[in-house]
Amino acid sequence: MLFENLVVARVVLHEVYKRRHDGALVPPQYGTQLIALPPEALDMFKERVVDAMGAVSQSMEMEIAEAGAESAVAIAFSLLGIPDGAFVSDSVKFADKLASAQQAKNLPGGKLVVFSGTIGTTPRPFVAVIKAEKQSGFREHGTALEFFKDLFLTPASKLYKIGFFVQMAAGQPLPQGWTAHVYDSQMTTQNREGAAKYFFGTYLGCRIPQNSARLTRVFFDHTRTFIRALPVDPEVKDDLLTSLYTYLKVDQTPTIQVNAFSTAYLPTEARDDYTNYMRGKSFPLNAVQKDISEVGSQLRKRRVRFSGSIELSAPPESFKHLITMETVAADCAAPGQPTQWTIITIKDRIQTQE
C-alpha cells in the first residue's frame, strides 16, 4: 500500500531494556500518559515513518502468521476505538511482548513508540510500533556543547524498526481484514532475510511472504552457492554458473523448478545432492512462477574477478556463446605466484579501448 495521508492521533512511549548477563528479563518502563507532540515535532515524526515505510528496499508487506489472543495483531485490534486512558494502559502489552521476544542477550534495548491513527486516501485505522535504539549526541548551546545520551529517531539514525498493522476491512475474524508492513534497516531487496527475525517473527507474528519474486531470488542465491561449492574443474563450474544465468534470464519457460534445472544443466552425480540441498533450504520442489524483478540487476551481466583488479564482465548470453575460459598450469610461476593461469578466448575483435 502507499503510505500517504498519515494521520497520527495517539502516541505513547515505553522503554524496553537489554537482558541481564544471566539472560534474565528486565521489566520494561511503561509510559503513563499520551505524548503531546507540538506540530513541528509531529510533522517530523510522520516524515520519519512515511520515509521508512516507503523505502522499497527496507520495508515490505508481510503475511500475518499469528492471530491468537496474545498476538501482536490482536493487541493492535484491541487498541482501536478505546478511550485514551485504556489505550495507554493496554499498549503496555506491546512492551511486554517485545521484552519477551528479545531473548538473545546481545539484543539492545530502546524506546518503544506505540501510535495509532489513520492512513491512506480512504482513511483506514492503524496501530503501529517503533523500536528505536538510543544514541548519544551534541547540540550547540551558545559557546558550549550540550551532551545528550538519550536521542532517538534522529535524521541520521537507522537504528529503528517499525511494525505497521492496518485494518483494511472490519467485522472479519483475525487476521482477515488486516495487513502488516515491516521496516527494518537491516533488510534489503536482495536480502529480505537480513531483517531481524525476532522482531517481525517472534514479536509481530509475521513471516516473509513466499511470492514468486522472492522465491526466484532464493533459487538464484542457493543454486549459485551450491555450484560454487561443487568439486569440479573451474571450466565446468563456469559453464554451470552461466547456465544458471541463462536459465533465469534467457530461457523463456515461465516457471523455475529444481528438478528441471538439475536435469538440464547439472552433472548426473550432482543432481541428488542438489535436490537434497534445496530441500534442506526449505525451497519448494514444485514449479514456481519465475519473477526476476529482485535479481534483474545481477542477471544483466556476469562478472568473473581475478587478482590484480582484473575483471571480465559480459551479459550471460555472451558468456555462453562468445567466451571460453580454460585453466592451465602456470608456465614458470614465480614463488608466491598462482600455480594456475586462465586462458580466456573471446570470439570477437576489440572494438574500443580506453
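See the structure above.
So, here's what we can say about the structure.

Procedures and definitions
- Residues numbered from 1 in each chain as written.
- Predicted model: local features only at pLDDT ≥ 70, side-chain atom pairs only at ≥ 80, totals over all residues.
- Heavy atoms only, no water.
- Phe/Tyr/Trp six-rings, centres within 6.5 Å; stacked < 30°, edge-to-face > 60°.
- Helix = DSSP H or I, 4+ residues; strand = E, 2+ residues; numbered from the N terminus.
- Buried < 20%, exposed > 50% of the residue type's maximum accessible area, 1.4 Å probe, protein only.
- Lys NZ or Arg CZ within 6 Å of the ring centre and 35° of its normal.
- Patch = residues over 30% accessible without salt bridge, like charges linked within 9 Å, V, L, I, M, F, W, Y side chains within 5 Å.
- Areas by Shrake-Rupley, 256 points an atom, 1.4 Å probe, with all protein chains shown as cover.
- Salt bridge = Lys/Arg side-chain N within 4 Å of Asp/Glu carboxyl O.
- Lys, Arg positive; Asp, Glu negative; His and termini not counted.
- Charge placed at Lys NZ, Arg CZ, Asp CG, Glu CD.
- Axes fitted to C-alpha atoms, helices over the stretch in contact; angles between N-to-C directions.
- Parallel < 35°, antiparallel > 145°, perpendicular 65-115°, else oblique.
- Contact = heavy atoms within 4.5 Å.
- Nonpolar A, V, L, I, M, F, W, Y, C, P; charged D, E, K, R; others polar.
- Core = buried A, V, L, I, M, F, W, Y, C linked by side-chain atoms within 4.5 Å.
- Expected span 1.5 Å × (residues − 1).

Right, let's talk about the packing of aromatic side chains for a bit. The tally for this structure, following the rule as stated, stands at 20 aromatic pairs. Measuring from centroid to centroid gives 5.6 Å for F115 and F126, while their planes differ by 75 degrees, and the two rings are edge-to-face. Highlighted residues: F115 in strand β3 (residues 110–119) and F126 in strand β4 (residues 124–132), separated in sequence by 11 residues. F126 carries the same exposure label as F115, and that label is buried. Taken together, a centroid distance of 5.5 Å and an interplanar angle of 50 degrees make the contact between F199 and Y203 tilted. Taken together, the residues F199 and Y203, both in helix α5 (residues 197–203) and four residues apart, mark about one turn of the helix. Both residues of the pair, F199 and Y203, belong to the buried class. Linked through ring pairs, F219, F226, Y247, F261, Y265, Y274, Y277 and F283 together constitute an aromatic cluster. Note that K290 overlies the ring of Y247, its terminal NZ or CZ placed 5.8 Å from the centroid.

The subject of this paragraph is a negative patch on the surface. Negative charge collects at one region of the surface, where E40, D43, E47 and D51 lie side by side. Note on placement: D43 falls in helix α1 (residues 39–53).

Contact geometry for helix α6 (residues 212–228) and helix α7 (residues 234–250): axes closest at 10 Å, N-to-C directions at 170 degrees. What the angle tells us is that α6 and α7 run roughly antiparallel. Within the contact between the two elements, α6 uses T216, F219, F220, T223, R224, I227 and R228 and α7 uses K237, L240, L241, L244, Y245, Y247 and L248. Of the residues in the contact of α6 with α7, the class split is nine nonpolar, two polar and three charged.

To continue, consider the nonpolar core. F94, L112, F165, Y203 and L204 are the most contacted members of the largest nonpolar core, which totals 36 residues. Those residues in contact with Y203, other than ones at most four positions away along the chain, are A72, F94, K97, L98, A101, L112, V129 and Y198. Among the nonpolar cores identified, the runner-up in size contains 24 residues, and F220, L230, I256 and F283 belong to it.

Before going further, it helps to spend a moment on α7. Owing to its 3.6 residues per turn, the α-helix aligns residues three or four sequence positions apart on the same side. In this model, α7 (17 residues) spans 23 Å end to end at C-alpha, consistent with the 24 Å of a helix rising 1.5 Å per residue. Residues of α7 that are buried: K237, D238, L240, L241, T242, S243, L244, Y245, T246, Y247 and L248.

That bond from L174 to P175 is cis: its omega, 5 degrees, falls within 30 degrees of zero. Mapped onto the fold, P175 is located in the loop between β7 (160–167) and β8 (178–184). Of note in this structure, N5 is not a glycine but carries a positive phi near 50 degrees. Positive phi, close to 65 degrees, is recorded for S282, a residue that is not glycine. In this fold, S282 is placed in the loop between α9 (268–280) and β11 (288–289). By relative accessible area, which is 64% here, S282 ends up exposed.

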